[in-house]
2 protein chains.
Amino acid sequence: MPKTPPGQTRNRIFRFVRDRLLEGDSPSLREVQRHFGFRAVETVRSHLSALVEEGRLIKKSGRSRGYRLPSSASDWSFNRLQPVPLLGEVAAGGFEEAIENPEGNLPVEIPDSRDLSDYFALRVRGESMSGAGILPGDTVIVERRAAPVSGQIVVALLEEEATVKRLHLGPGGMELRPENPDFNILRPPPGSCRILGRVVELRRQIR
Amino acid sequence: MPKTPPGQTRNRIFRFVRDRLLEGDSPSLREVQRHFGFRAVETVRSHLSALVEEGRLIKKSGRSRGYRLPSSASDWSFNRLQPVPLLGEVAAGGFEEAIENPEGNLPVEIPDSRDLSDYFALRVRGESMSGAGILPGDTVIVERRAAPVSGQIVVALLEEEATVKRLHLGPGGMELRPENPDFNILRPPPGSCRILGRVVELRRQIR
DNA sequence: CAGCATAACAGACATTTGTCTGGTATAGCA
DNA sequence: TGCTATACCAGACAAATGTCTGTTATGCTG
């Protein structure tokens, strides 16, 4: 391997490692070595050490594949993004099971004060909230554990089925109000309904 | 370590590994072992092998820290997330200038075939599209350069002001139809209107 | 009960991976 | 010219990590 101008190989190595890290996979020294055709591992090691020295990489010592991107290189305010499980439509069949087997994950920005497990996402069925701009097929992101507050849009668990409605708490008890004149207000008897959380965000793909 | 009911420990191990992987960091067998207090590495290895067998995990063999989530569990695909500039409301004042000075960036998943510069985001003003579930304050993500197709929801530039409407192309020329009976259909004379792109996604924060 | 599957353990072993020490070559510079 | 910094090589070594083989115990089931 011929000698290259100062910094050139180092930059190429940095880009290679960075791209691998962005794919979520820290390479080993020998993987980098093979990729560039170096005949010595040490060549890679010294370059990576230099990159750490320069602050372009971070290394967790005492472990294999320990290189990481420093926060400035990976987060352009994306660091608050968390994978929130998308549970699908959660029709009859069980909510708890759906939590364990999500359809996928959605990148959602959640506040630092909150835990990732406080959030999940659902796909909306039915037209009952179309008056509030929530259409079938939309995805709602739900914050759990929030104390039920009258007037908020919530996800309620009624007979093992999740449903999106606007919550009203009055002297007559709990009301789940659709936002569509074609649907009726639900007044579930106490104990038969559990409020899973409140809708904090809505996403719609238009294709 | 006492014997636990079948599947219970395996589920706990799965959740632990999954969470580590979602943090972008594959744990080693001995890290899992330490976390659960097992006295044998093999305990972890057999559980993880079983999880791979069940299809709940994937393993890249011949390498350390080789466990990954199968695509169904990890398809949050953070790699495709790109910072799309949020231009604000783009009232009178100029669209081109707004492109230069975005209010911020939004993480948006865009297809590999498309370029980042093909996208921008706008905040919606007015009630004219509320019938289509697009409310004031919502953020729409717009794909530029798409050839105008009749029936799509588009962003049009009318007298230096961006507006969201449904596009209709007919023999009588171009129509921009609001989705709200309180608003009128716009029929801009040819040349006075530019279609900036089509709305591909909608996001709404509910706070 | 016997048979079987599973959970967990024990310890050796092999492979991967990171670290170290020292060497060669080349370019730039005083 | 000699000095120095950098790129790269060579090989040994140590630590981390994964794999294997065999054992013990427990619950389930026919």
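To be clear, the structure that these remarks concern was listed above.
Residues numbered from 1 in each chain as written. Chains lettered and ligands numbered in written order. Predicted model: local features only at pLDDT ≥ 70, side-chain atom pairs only at ≥ 80, totals over all residues. Heavy atoms only, no water.

So, the overall build of chain A
- A tally of regular secondary structure across chain A gives five helices and 10 strands.
- Residues classed as buried in chain A amount to 45% of the 207 residues present.
- Restricting to contacts in chain A with at least 6 residues of sequence separation, those with at least 24 account for 56%.
- Here chain A has roughly 11000 Å² of accessible surface; of this, 49% comes from carbon and sulfur atoms. (Helix = DSSP H or I, 4+ residues; strand = E, 2+ residues; numbered from the N terminus. Buried < 20%, exposed > 50% of the residue type's maximum accessible area, 1.4 Å probe, protein only. Contact = heavy atoms within 4.5 Å. Areas by Shrake-Rupley, 256 points an atom, 1.4 Å probe, with all protein chains shown as cover.)

Some points on the interface of chain A and chain B
- Listed as interface residues are 35 residues of chain A and, on the opposing side, 37 residues of chain B.
- The junction of chain A with chain B conceals about 3100 Å² of combined surface from both sides, 45% of it contributed by carbon and sulfur atoms.
- For the pair chain A and chain B, the number of links is seven salt bridges.
- A salt bridge links Arg63(B) to Glu31(A); the shortest N-O distance between them is 3.7 Å.
- Applying the counting criterion to the chain A and chain B interface returns 17 residue pairs in polar contact (both at pLDDT 80 or more).
- Of all the elements, strand β10 (residues 193–205) of chain A adds the most residues to the side of chain A that touches chain B, at eight residues.
- A breakdown of the residues in the side of chain A that touches chain B according to their chemical character gives 13 nonpolar, seven polar and 15 charged.
- Pairing of β10(A) with strand β10 (residues 193–205) of chain B involves five bridges; the strand directions are antiparallel. Each residue of the ladder has a partner; that of Arg204(A), found in β10(B), is Leu202(B). (Buried area = accessible area lost by both parts, 1.4 Å probe. Salt bridge = Lys/Arg side-chain N within 4 Å of Asp/Glu carboxyl O. Polar contact = N/O pair within 3.5 Å; in protein donor to acceptor, adjacent residues only side chain to side chain. Nonpolar A, V, L, I, M, F, W, Y, C, P; charged D, E, K, R; others polar. Pairing = 2+ DSSP bridges.)

Structural notes on helix α2 (residues 29–36) of chain B
- Regarding α2(B), the residues found buried are Glu31(B), Val32(B), Gln33(B) and Phe36(B).
- Tucked inside the fold, the buried residues of α2(B) contact α1 (8–22) and α3 (41–53) of chain B.

Describing the pattern of salt bridges
- Counted according to the given criterion, the structure contains 35 salt bridges over all chains.
- In the salt-bridge network here, residues are joined through shared partners; they are Arg20(A), Asp25(A), Glu31(A), Arg65(A), Lys60(B), Arg63(B) and Arg68(B).

Quick notes on the side chain of Glu143(B)
Residue and element names in this part refer to chain B.
- Turning to its location among the elements, glutamate 143 is positioned in strand β6 (residues 139–144).
- Exposure remark for glutamate 143: the relative accessible area of 8% places this residue in the buried category.
- Only 2.9 Å separates the side chain of glutamate 143 from the side chain of tyrosine 119, close enough to count as a polar contact.
- A distance of 2.9 Å separates polar atoms of two side chains, one belonging to glutamate 143 and the other to arginine 198.

Quick word on the nonpolar core
- Counting 36 residues, the largest nonpolar core has Val140(A), Val155(A), Ile134(B), Val140(B), Val155(B) and Val164(B) as the members making the most contacts within it.
- Among residues more than four places away in sequence, those in contact with Val155(A) are Leu122(A), Val142(A), Ala162(A), Thr163(A), Val164(A), Arg194(A), Ile195(A), Leu196(A), Gly197(A) and Val199(A).
- Within the second largest apolar cluster, 15 residues are counted, among which are Phe14(B), Phe36(B), Leu51(B) and Leu69(B). (Core = buried A, V, L, I, M, F, W, Y, C linked by side-chain atoms within 4.5 Å.)

Thoughts on unusual backbone geometry
- Its identity as a non-glycine residue notwithstanding, Arg65(A) has a phi of 50°, on the positive side.
- The buried category is assigned to Arg65(A), whose relative accessible area is 11%.

A few points about the environment of Val140(B)
Residue and element names in this part refer to chain B.
- Following the sequence through the fold, valine 140 ends up in strand β6.
- Take valine 140: its relative accessible area is 0%, and that puts it in the buried class.
- Taking the C-alpha atoms as reference points, valine 140 and valine 124, separated by 16 residues in sequence, lie 7.0 Å from one another.
- Non-local contacts of valine 140, meaning those with residues more than four positions away in its chain, are made with Phe120, Ala121, Leu122, Val124, Ile134, Val164, Val199, Glu201 and Leu202.

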